[in-house]
Amino acid sequence: MIDDPASSGPDPAIGTVLAPRYWVSAGVVVLGIALLALQPLWGGVLWVTVAVALFGLVLALQTALLRLQFAPAELLVWRGSTCIRRFPYAEWIAWRLYWPPVPVIFYFREQRSIHLLPMLFEAEALAEQLRRHLPHLSPETSAGDA
């Protein structure tokens, strides 16, 4: 974990903090519950339902706890008042939002690693900030790197 003792959480004066978005977690929970309709066809569906619904609840918890902040030189990931990860823009190679009509996954690639994140935040605000802070990388040109 990366602690910044001078900070007590994301400071909007430093950069944009994305609002949480519960659509993906709610959708996963609803999908899990909808799987119960398959119970007459397969008795084991109950365990799948529980697993999918629990995954949706974990996503909801993460949505409540995590915040992305676009600082001038890096993307910061906050959990409460602790900065847990920093992603300097200088190391980014590509980014993309999957399924644009209903974005559910955010992909970005750094020089040393690839990241896939569920969309736990406002997608349009995320895309706007990515275009602003990474103008040399557009989703169209970076899509081939996915």
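Per-chain numbering applies: the sequence of each chain, read as written, is numbered from 1 onward. Local features in a predicted model are, by the rule used here, given only for residues with pLDDT of at least 70; side-chain atom pairs are given and counted only at 80 or more, and totals for whole chains, interfaces and linings are based on all residues. To obtain the side-chain values, all non-hydrogen atoms of the structure were used and water was disregarded.

**Student:** Teacher, can you tell me more about the sheet that holds strand S5 (residues 92–98) here?
**Tutor:** Sheet strands pair by backbone hydrogen bonding; their relative direction is either parallel or antiparallel. The rule for pairing is simple: two strands pair if DSSP sees at least two bridges between them. Under the DSSP-based scheme used, a helix requires at least four consecutive residues in state H or I and a strand at least two consecutive residues in state E, with every element numbered from the N terminus. Across the sheet, three strands lie side by side as S5-S6-S7; this open sheet has antiparallel pairing. Edge positions in the open sheet fall to S5 and strand S7 (114–118), since each of these has one partner strand only. With direction set aside, neighbouring strand axes in the sheet form an average angle of 15°. Judged from the six bridges that link them, S5 and strand S6 (residues 105–110) form a sheet pairing that is antiparallel. Residue pairing in the sheet places Leu97 in a bridge with Phe106 of S6. Only heavy atoms matter for contacts: two residues are in contact if any of them lie within 4.5 Å across the pair. Under this scheme, a helix contributes an axis fitted over its contacting stretch, all axes are lines through C-alpha atoms, and angles between N-to-C directions fall in the 0 to 180 degree range. Against the sheet, helix H3 (residues 123–133) contacts S5 and S6, and its axis sits at roughly 155° relative to S5.

**Student:** For this particular structure, what's the right way to read the environment of Ala51?
**Tutor:** With respect to the element layout, Ala51 can be found in helix H2 (residues 45–65). Judged by relative accessible area, which is 46%, Ala51 ranks as partly exposed. Separated by 19 residues in sequence, Ala51 and Gly32 have C-alpha atoms that sit 7.7 Å apart. The buried label applies to any residue whose accessible area, calculated with a 1.4 Å probe on protein chains only, is under 20% of its type's maximum; exposed applies above 50%, and partly exposed to all values in between.

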